[in-house]
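Here is how the chains run, residue by residue.
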Amino acid sequence: MADKSIKQPENVPGKYYVDQTCVPCNDCVKEAPNLLEYSADETHIFFKNQPKNQAEEKQAKAAMAMCPVDAIGDDGE
Ligand code: SF4
């Protein structure tokens, strides 16, 4: 389970976030390219946007479900 106390600093505020256990394998970006982005130093992924509609919410959930290290959480604020 992702830990909101160790969020990546670039995450936009909101429900979804990536924490500091991200590997990064880059798989989640393919699921939600409008929501997720590689950091400038390519060490991790972060949420650049929160979902704004049902389709994007589905993408965020899909990204969360497929993360191999459970680095994506949906209990942020
Ligand atoms: S799927 Fe998980 S580990 Fe892989 S890049 Fe995304 S957040 Fe990081």
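Going by an unreviewed UniProt entry, the protein carries the name Putative ferredoxin and comes from Leptospira biflexa serovar Patoc.

Enquirer: Residue-level account of the site of the ligand, with values.
Expert: As a structural note, the neighbourhood of the ligand is formed by Val-18, Cys-22, Val-23, Pro-24, Cys-25, Asn-26, Cys-28, Ile-45, Cys-67, Pro-68, Val-69 and Ile-72. Put simply, the ligand lies in the largest cavity. Class assignment of the residues belonging to the shell around the ligand gives a composition of eleven nonpolar, one polar and no charged.

Enquirer: Run through the pattern of salt bridges, naming residues and quoting values.
Expert: On inspection of all chains with the given rule, the structure shows six salt bridges. Among the salt bridges present, the one from Lys-4 reaches Glu-77, with a minimum N-O distance of 3.7 Å. Of the two residues, Lys-4 is situated in the segment before strand S1 (17–18) and Glu-77 in the segment after strand S4 (72–73); the sequence distance between them amounts to 73 residues. The partly exposed category is assigned to Lys-4, whose relative accessible area is 40%. In this structure Glu-77 comes out as exposed when scored by relative accessible area, which is 62%. Each of Lys-15, Glu-57 and Lys-61 takes part in a single network of salt bridges with overlapping partners.

About the thresholds
Residues numbered from 1 in each chain as written. Predicted model: local features only at pLDDT ≥ 70, side-chain atom pairs only at ≥ 80, totals over all residues. Heavy atoms only, no water. Near = heavy atom within 4 Å. 1 Å grid on protein atoms, 1.4 Å probe; cavity = no way out; pocket = protein on both sides within 12 Å on 5 of 7 lines; lining within 4 Å. Sits in = over half its atoms within 2 Å of the grid points. Nonpolar A, V, L, I, M, F, W, Y, C, P; charged D, E, K, R; others polar. Salt bridge = Lys/Arg side-chain N within 4 Å of Asp/Glu carboxyl O. Helix = DSSP H or I, 4+ residues; strand = E, 2+ residues; numbered from the N terminus. Buried < 20%, exposed > 50% of the residue type's maximum accessible area, 1.4 Å probe, protein only.

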